[in-house]
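Residue-level structural notes
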Amino acid sequence: MRATVQPRPGRRHGRLSVGLAVSALVAAASTVGLASSAGFAAGAADPQPHAELILNGGFDSYPWIWKCDGTVGSSSIPHDHYVTGRPTADNNARCTQRVRVLPNSTYLLSATVRGPFAFVGVTGAGGEDASTWSSRSDWNTLSVQVDTGPDTTGLTVYFHGWYEQSAYDVRRVSFSGPGYPPPPCGEPESPTPTGTDGPGSPSPTPTCQRTYIP
């Protein structure tokens, strides 16, 4: 009588169990990877609670970013960067920069200025018009708080002098608060920097790396 051959117990089930375990591990790893990638992407897109939103606020790098009208020049003193505006009867030597902001948020605009009638301020489509000025002949710091409206996502920061008054100087401009640090070339809504936008500023390179002035 031929002996009945019994199947070896557990081999097929063992292979199936190992396969399922491997599949589970791969799926888990994929899930972790996706979660990590999603977390990284979300973190990269999250606004910072306190960010500097002005580019070239110390006037020490190119691209210049600031859009200036009238006669505005930079100091030639090494390691002492500031701009000088010379108003006329028809032009107040105004410079502007567009910044991206968040709705219903609070920001601080500050600037170090010198000279008669040196103005700094912001303007926005939601009625965010705030400014301050100084007529002191020595360096001094101005500051003003800016609150954005429920639909505001961009503001224009500016500084200028006053018509037919003497030249003014600005050493630094800062606009800080919740938001996204700007890219090297500025926000998309900003005017494209050109060779005439600032005191001797060259056109930006394709990679738009910032060049710092000694």
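For the structure itself, look to the data block above.
First, a word on scope: everything that follows refers to the structure included in this document. A quick note: this is a predicted structure, and the numbers were derived from the prediction, not measured. (Residues numbered from 1 in each chain as written. Predicted model: local features only at pLDDT ≥ 70, side-chain atom pairs only at ≥ 80, totals over all residues. Heavy atoms only, no water.)

**Notes on the nonpolar core**
If you look at the biggest cluster of nonpolar residues, it comprises 33 residues, and the most contacted ones within it are Trp66, Val157, Phe159, Val173 and Phe175. At the level of elements, β6 (95-100), β7 (106-114), β8 (118-123), β10 (140-147), β11 (154-160) and β12 (168-179) are the ones that each hand at least two residues to this core. Non-local contacts of Val173, meaning those with residues more than four positions away in its chain, are made with Ile54, Gly57, Phe59, Trp66, Leu109, Ser110, Ala111, Val157 and Phe159. (Core = buried A, V, L, I, M, F, W, Y, C linked by side-chain atoms within 4.5 Å. Buried < 20%, exposed > 50% of the residue type's maximum accessible area, 1.4 Å probe, protein only. Helix = DSSP H or I, 4+ residues; strand = E, 2+ residues; numbered from the N terminus. Contact = heavy atoms within 4.5 Å.)

**Looking at the side chain of Ser75**
Positionally, Ser75 belongs in the loop between β4 (71-74) and β5 (83-86). In this structure the side chain of Ser75 is engaged in a polar contact, spanning 2.6 Å, whose partner is the backbone oxygen of Asp80. Residues contacting Ser75, with those up to four places away along its chain left out, are Asp80, His81 and Tyr82. (Polar contact = N/O pair within 3.5 Å; in protein donor to acceptor, adjacent residues only side chain to side chain.)

**Describing unusual backbone geometry**
For the bond from Tyr62 to Pro63, the omega torsion is 0°, close enough to zero to count as cis. Following the sequence through the fold, Pro63 ends up in the loop between β2 (61-62) and β3 (67-68). Of note in this structure, Ile65 is not a glycine but carries a positive phi near 75°. Along the chain, Ile65 falls in the loop between β2 and β3. Owing to a relative accessible area of 3%, Ile65 belongs among the buried residues under this scheme. Even without being a glycine, His79 presents a positive backbone phi close to 65°.

**Focus on the side chain of His160**
Summarising the element assignment, His160 is placed in strand β11. What makes His160 buried here is its relative accessible area of 6%. Of note is the side chain of His160, whose polar atom sits 3.5 Å from the side chain of Asn92.

Taken by themselves, the reported measurements are silent on function.
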